[in-house]
There are 2 protein chains.
Amino acid sequence: MADVAAKERKILIAVDESEESIYALSWCIENILTGNSNDTLILLYSVPPRAVYSTLDGSGYLFSSDILATMERYSSGVAQCVMEKAKRACEALNGVKVETIVEHGDARDVICQAAEKLHVDMLVMGSHGYGVIKRAFLGSVSNHCAQNVKCPVLIVKKPKTDGRSK
Amino acid sequence: MADVAAKERKILIAVDESEESIYALSWCIENILTGNSNDTLILLYSVPPRAVYSTLDGSGYLFSSDILATMERYSSGVAQCVMEKAKRACEALNGVKVETIVEHGDARDVICQAAEKLHVDMLVMGSHGYGVIKRAFLGSVSNHCAQNVKCPVLIVKKPKTDGRSK
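Because the structure is predicted, anything quoted here is derived from the model rather than measured. (Residues numbered from 1 in each chain as written. Chains lettered and ligands numbered in written order. Predicted model: local features only at pLDDT ≥ 70, side-chain atom pairs only at ≥ 80, totals over all residues. Heavy atoms only, no water.)

### Observations regarding the sheet that holds strand S3 (residues 97-104) of chain B
In spatial order, the strands read S3(A)-S2(A)-S1(A)-S4(A)-S5(A)-S5(B)-S4(B)-S1(B)-S2(B)-S3(B); together these 10 strands make up an open sheet with mixed pairing. Pairing within the sheet leaves two strands with one partner each, and these edge strands are strand S3 (97-104) of chain A together with S3 of chain B. Each adjacent strand pair in this sheet contributes to an overall mean axis angle of 20°, direction not counted. Contacts from helix H3 (residues 65-89) of chain A reach strand S2 (40-47) and S3 of chain A within the one sheet, and its direction differs from that of S2 of chain A by about 160°. Against the sheet, helix H1 (residues 19-33) of chain B touches strand S4 (122-126) of chain A together with strand S1 (10-14), strand S2 (40-47), strand S4 (122-126) and strand S5 (153-156) of chain B, its axis set at about 135° to S4 of chain B. (Pairing = 2+ DSSP bridges. Helix = DSSP H or I, 4+ residues; strand = E, 2+ residues; numbered from the N terminus. Axes fitted to C-alpha atoms, helices over the stretch in contact; angles between N-to-C directions. Contact = heavy atoms within 4.5 Å.)

What follows is the structure, given as structure tokens:
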């Protein structure tokens, strides 16, 4: 039984524009997906909701509609760019089906809801590169998802480049 | 490249006497290890340190040396029992090398130190079954390790038996 790689797994990978995210995807491709062509890989990108921009100034009037439209276009551009990069990373996978989803909303909610809704077998996330202060305000996305998602969660950290091979 | 399952992975699995732990091991065997016979699976069991018993009464005098010796024997018995159960679960794996390690100490420290020292490619843990109150005092072992271990960490939760198939 154990030497037959016939199990079909549905794996959700949360991707964003960070280096940690693309590292997590590459690690998953090399370590989890090799040798199994029955998997479905779902790349999920969450676009921050407009509310995040509006609350930046507190008044809600700082940004004109033009600027907001520009930001929306920028977000879509980033989403497209991230997805293309992620799909290129998946090209080496033989037989694995790759699907992409772009959702608007807070990353934590988007990821938890998608994992639930799509009945995935595993969620893979990079451990993002927020600094200490930013993390204190935003909370850790990977931490939140690890605690709230019901399926197994794989958190991949990008090793610090300290000259060691591992 | 992607269809050759030749990569040798060293996977550390933290096991204990909980149902969540044996579920995590079984899930890992079925979903991560199938089809790859080049892996080394390291089963790690951490025996709580004697200090945990001594602090139960606060005075340190409640337990006689006889009782402490009995507790030590009980701990060893549990460790042996868990390891045997875990090894039986691994019997279906063709070619995968299975190693066992029993260490004394706080599970959080033991797991983090072992992952670091053994240079493992991935740490797998069950999400334990502590209740809300116990977790508040003890902290979540899986949470702690996910934040402190440098390698990728896979946290497997045992699904609640609510009649659903997934």
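There is more to say after this.
### A few points about the environment of Asp39 of chain A
Residue and element names in this part refer to chain A. Tracing the backbone shows Asp39 in the loop between helix H1 (19-33) and S2. Considered as a pair, Asp39 and Leu93 are 54 residues apart in the sequence and their alpha carbons are 10.0 Å apart. Non-local contacts of Asp39, meaning those with residues more than four positions away in its chain, are made with Lys7, Glu8, Arg9, Leu33, Val96 and Lys97. A distance of 2.8 Å separates the side chain of Asp39 from the side chain of Arg9, its partner in a polar contact. (Polar contact = N/O pair within 3.5 Å; in protein donor to acceptor, adjacent residues only side chain to side chain.)

### Re the pattern of salt bridges
All told, the structure shown has eight salt bridges over all chains when counted by the stated rule. Here Lys150 of chain A makes a salt bridge to Glu116 of chain A, at a shortest N to O gap of 3.4 Å. Within this pair, whereas Lys150 of chain A is found in the loop between helix H6 (141-148) and strand S5 (153-156), its partner Glu116 of chain A is found in helix H4 (residues 107-117), the two being separated by 34 residues in sequence. Residue Lys150 of chain A is classed as exposed on the basis of its relative accessible area, which comes to 56%. In this structure, the salt-bridge partner of Asp106 of chain B is Arg108 of chain B, at a minimum N-O distance of 3.3 Å. Accessibility expressed as a relative area gives 31% for Asp106 of chain B, which makes it partly exposed. What makes Arg108 of chain B partly exposed here is its relative accessible area of 23%. (Salt bridge = Lys/Arg side-chain N within 4 Å of Asp/Glu carboxyl O. Buried < 20%, exposed > 50% of the residue type's maximum accessible area, 1.4 Å probe, protein only.)

### Quick notes on unusual backbone geometry
Note: most residues except glycine have negative phi, and most peptide bonds are trans. Residues and elements named next belong to chain A. Of note, His119 is a non-glycine position whose phi angle comes to about 50°, a positive value. Mapped onto the elements, His119 comes out in the loop between H4 and S4. Assessed through its relative accessible area of 39%, His119 is described here as partly exposed.

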